[in-house]
Amino acid sequence: TRSQKAVAAPAPVEPKKEDKTVEFFRHLYKPRMTSIAGASKDVHPAVLALGLQMSNYTICGSCARLVATLQAFKRVIESYTTPPGNSLTRHLTSHVLSPQIEYLASCRPLSISMGNAIRWLKLEISKVDINTPDTTAKADLCEAIDVFIRERVTFADQVIASSAAERIKDGDVILTYAKSSIVQKSLVKAHEDGKKFRVIVVDSRPLHEGKHLAAALADLGIEVKYCLINGLSHNIQDATKVLLGAHAMMSNGRLFSRIGTALVAMEANEADKPVLVLCETIKFTERVALDSIVHNEIAPADELIIPGGALENWADMKKLQLCNPMYDVTPAEYIQMIVTESGNVPPTSVPVLHRLGNESQ
Amino acid sequence: MPSFQAGYAPNLGVFLKSLKTQQLESSIENLISLLKRRQIKNSRPCAIATAHLLLRVVAKFRWTDIGKLLERIREVGQRLIEAQPREMVVGNIIRRVLGMIRDEAKEDRNEDVSDSASNSQIGSPQRQHSDLGVAKAAAPPPTFSPLRFASTDASELAETSEDDVFGGRPQTGHRPPLLTSHTSFAVLNGVPVQQSMFNLLSATPSPLATPPGTSSPHGKSAVNAASLAHKIATTSKDLKAEVISGIEEIIDELDQVDDQIAAYAQEHIHSNEVILTHSSSLSVQKFLLKAADKRKFTVIVAESYPNDHEAVHAAVTGKSKANIEGADEMSTEMFVKPLSSAGITVILITDASIFAIMSRVNKVILATHAVIANGGLIASAGARIIAKAAKVHRTPVIVVSGVYKLSPEYPFEFESLIEYGDPGAIVGYQDGALVDNLEVDNPVYDYVPPDLVDLYITNLGAHAPSYLYRIVADHYKIEDINFHNPELQF
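Computed from a predicted model, the values in this text were never measured in an experiment. (Residues numbered from 1 in each chain as written. Chains lettered and ligands numbered in written order. Predicted model: local features only at pLDDT ≥ 70, side-chain atom pairs only at ≥ 80, totals over all residues. Heavy atoms only, no water.)

Caption draft 1: Geometry of the side chain of Asp351(B). By secondary structure assignment, the location of Asp351(B) is in the loop between β5 (345-349) and α13 (354-358). Although Asp351(B) lies buried, it forms no salt bridge, and the closest oppositely charged side chain, Arg205(A), sits 7.2 Å away as judged by the N-O distance. A distance of 2.8 Å separates a polar side-chain atom of Asp351(B) from the backbone nitrogen of Ser304(B). Filtering out sequence-adjacent residues up to four positions away, Asp351(B) remains in contact with Ile229(A), Leu263(A), His278(B), Ala302(B), Glu303(B), Ser304(B) and Tyr305(B). (Helix = DSSP H or I, 4+ residues; strand = E, 2+ residues; numbered from the N terminus. Buried < 20%, exposed > 50% of the residue type's maximum accessible area, 1.4 Å probe, protein only. Lys, Arg positive; Asp, Glu negative; His and termini not counted. Salt bridge = Lys/Arg side-chain N within 4 Å of Asp/Glu carboxyl O. Polar contact = N/O pair within 3.5 Å; in protein donor to acceptor, adjacent residues only side chain to side chain. Contact = heavy atoms within 4.5 Å.)

Structure representation (structure tokens):
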């Protein structure tokens with residue numbers, strides 16, 4: 001119909017929509033699904049809902065997404081029946097789980113911890129004996145998922161939280177960036193242990209996740225100071241320790257985390273403040289990263305628009321691009337210690353712990 | 001003077017307009033309260049307002065002797081600085097005016113001494129200068145004090161043209177102030193006239209001596225006895241006129257400084273470079289636009305949330321700042337087209353993305369609020385982490401700043417320079433309980449130490465940070481540096 005219109009009225013030729021892709025990140029752009037329209041019919045309703053929650057950041061954070069995904073997959077497995085002439089081992093992964101995973105990835109790229117967990121789940125499924133009856137196999141798998149969540153996340157978080165809380169002393173000023181659930185747990189634990197300390201929460205646009213952390217801590221009666229990343233260099237001097245969460249730990253010891261974390265670690269390093277990363281081993285990966293451009297996630301540029309601001313119709317401006325990456329990579333030399341459930345290690349030990357974690361599976 | 005739109009919101013434009021009609025004392029009070037209420041803020045508007053106010057102070061001053069004038073300006077300056085100590089440029093302008101008055105007085109004295117000795121040389125530098133002025137020289141020849149700038153319209157603006165203040169004569173001898181000047185140009189009936197009897201006799205007027213269009217080369221010799229007598233009667237006013245046109249030159253410099261800086265742009269920006277800049281600055285924007293005339297490159301703009309992001313967004317989308325409340329800088333400036341319309345790809349990023357993107361950046365260009373004599377600078381909050389991130393990536397950091405922002409003060413307590421802004425910009429009242437429970441911190445400025453800066457580009461050229469103290473010495477007199485708190489005087 002467009003060509004017909006163009007023939008009929010050649011004067012108002014619709015200008016070709018300009019490519020707003022930022023060249024550095026071209027390889028990372030993926031259309032993000034924001035409604036269930038067009039989703040495969042094989043996708044389970046629980047997963048459909050989860051996908052949307054992820055794409056609009058209702059469920060956000062590496063661990064939260066991992067747990068939610070596994071729980072949704074449990075529902076998928078529960079409602080699964082092996083079709084006649086097939087075995088669960090051969091059928092479940094390729095025909096049922098794959099479309100779920102594909103759909104989730106189309107809503108928001110999978111986190112590294114989710115990738116690790118899915119790899120584990122596939123391995124578990126492949127280990128199911130062909131002769132096991134369906135109900136037993138399903139119950140076993142669900143049990144295994146529960147154990148996995150308990151061991152790798154819930155219990156790991158408790159170990160990390162008490163280990164990190166031990167490091168917080170009376171009079172400490174803890175600086176943290178954005179919101180990490182494990183940092184929050186550690187601070188709450190330290191507070192419950194009766195430690196007297198202050199917290200500085202540094203935050204940034206567009207997600208303002210730190211605001212939730214600051215509110216939660218302030219509600220507990222912890223003295224909290226909140227600033228945006230423009231106040232970082234002023235506040236770093238007051239801090240005594242920097243606690244950071246992680247999206248993933250790379251095998252070359254670098255930290256892959258919310259965009260802006262690298263700046264915080266850099267400033268902490270400059271001011272000689274110890275930087276502690278709290279990270280479950282499920283977030284470790286064998287992948288390596290040298291900069292923040294090779295692996296990353298590009299969020300929709302429209303998230304940067306402030307309602308009523310000048311950016312509202314930025315898309316009409318020629319040659320103007322908005323860039324909204326989600327993560328950055330912090331050099332290993334800025335990190336003094338990684339607190340994991342398997343102990344406190346330097347960044348150089350990440351590949352070792354990762355191998356140990358995988359072999360134990 | 002640029003024309004202003006009439007408006008009710010008190011801003012620079014309204015203030016400058018009111019200068020013409022208001023009493024001097026109420027103008028001073030007015031500026032003090034405008035500074036206090038931050039209705040005039042940022043370096044350039046403060047500098048322009050200060051210079052215009054001083055122009056009025058000098059014009060209204062009942063001329064007795066130079067010491068009284070210095071004292072008067074010091075007194076006004078002290079009040080302005082106390083009103084807003086963090087706008088360091090106010091102090092800079094006052095110091096420059098003080099220094100300029102001292103120079104004028106000294107020259108006047110010296111002329112009496114050296115009149116006969118040096119009169120044959122007086123003519124040549126000033127002619128050279130007036131010629132350069134017509135040719136719109138970007139910088140004066142090195143023999144001239146950088147305090148004063150060539151400007152096209154200086155002779156039209158001044159009631160009395162005093163081109164000979166540019167003469168680089170040896171300043172020897174100290175004598176009590178003598179307020180008579182014998183060697184100066186005066187525009188009488190639109191004709192520049194040389195006042196010195198010696199010059200009258202010796203000067204063979206060259207065609208270069210006269211600005212084109214004002215008179216014939218022979219206009220000079222047509223000095224009649226009547227005008228000479230008149231001039232001698234008004235000679236005590238010469239110094240005042242010279243001071244006034246000196247201030248007008250400073251005002252002209254403020255007008256032209258961005259274009260002068262931009263003239264260096266093509267030396268520093270090359271094809272296909274990726275330039276990172278921060279916050280919205282007219283100087284930087286003009287600099288990049290000038291480079292865009294010849295080259296294609298990419299500019300990454302960090303938005304400087306939450307204090308300057310609206311201006312940044314307006315600048316990148318090309319929406320007039322006038323629509324945005326509180327942006328009074330633009331009211332005195334022409335609308336500058338957005339970089340993207342000059343064919344440059346502009347990428348807007350959040351401040352948090354700086355480290356991630358720095359590995360692809362070739363150069364960082366920062367704007368400043370004030371530059372300190374040690375080579376450090378005060379810039380929008382966030383500048384420090386940009387400069388530091390650039391340092392760890394070995395990316396050169398260039399600071400673009402007019403010389404008028406260069407302050408001779410050397411604060412040891414850098415925190416005292418930092419201003420804190422509205423916490424409501426970070427946590428608004430819609431956040432309810434948070435407002436009560438949180439301490440919210442919103443610094444407006446950052447101190448960037450000199451070791452994070454690689455190069456300064458001013459209207460005088462490009463300098464290493466370690467050289468700035470020299471430019472400070474050229475621009476301010478030692479005795480004026482701590483004029484506002486004399487107990488610190490060395």
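Moving on from the model shown.
Caption draft 2: Representation of the pairing of strand β4 (residues 298-302) of chain B in the model. All names here are of chain B. Burial within β4 is extensive, with five of its five residues counted as buried. What you see with β4 is no split at all: Thr298, Ile300 and Ala302 on one side and Val299 and Val301 on the other are buried throughout. Here five bridges tie strand β3 (residues 274-278) to β4, and the two strands are oriented parallel to one another. Directly across from histidine 278, in β4, lies its bridge partner alanine 302. One crossover worth recording links β3 to the parallel β4 by way of helix α11 (residues 282-292), and it is right-handed. When β4 meets β5, the two strands line up parallel, connected through five bridges. When the sheet's bridge partners are listed, isoleucine 300 is paired in β5 with isoleucine 347. (Pairing = 2+ DSSP bridges. Right-handed = clockwise from strand over helix to strand, strands pointing away.)

Caption draft 3: Empty space enclosed by the protein, seen in detail. All names here are of chain B. This structure, assessed with the given rule, holds six cavities of 30 Å³ or more. Considering only enclosed or pocket space, the largest cavity measures out at about 140 Å³ in volume. In this structure, the largest cavity is lined by 16 residues; those nearest its centre are Ser279, Gln285, Val301, Ala315 and Leu339. Put simply, the parts of the chain that give the lining of the largest cavity at least two residues each are β3, α11 and α12 (309-317). (1 Å grid on protein atoms, 1.4 Å probe; cavity = no way out; pocket = protein on both sides within 12 Å on 5 of 7 lines; lining within 4 Å. Points joined across faces, edges and corners; volume = space filled by probe spheres on them.)

Caption draft 4: Representation of the environment of Ala139(A) in the model. All names here are of chain A. Inspection of the secondary structure puts alanine 139 in helix α6 (residues 134-167). With a relative accessible area of 45%, alanine 139 lands in the partly exposed category. Each C-alpha atom, one on alanine 139 and one on lysine 74, is 9.5 Å from the other, the two residues being 65 residues apart in sequence.

Caption draft 5: Main features of the interface of chain B and chain A. Opposite the 54 residues of chain B that make contact, chain A presents 53 residues. Buried area between chain B and chain A, both sides added, is near 4,400 Å², and the carbon and sulfur share of it is 64%. The interface formed by chain B and chain A holds seven salt bridges in total. Close ionic contact of Arg360(B) with Asp291(A) constitutes a salt bridge, the shortest N to O distance being 3.1 Å. Counting across the chain B and chain A interface gives 18 residue pairs in polar contact (both at pLDDT 80 or more). (Buried area = accessible area lost by both parts, 1.4 Å probe.)

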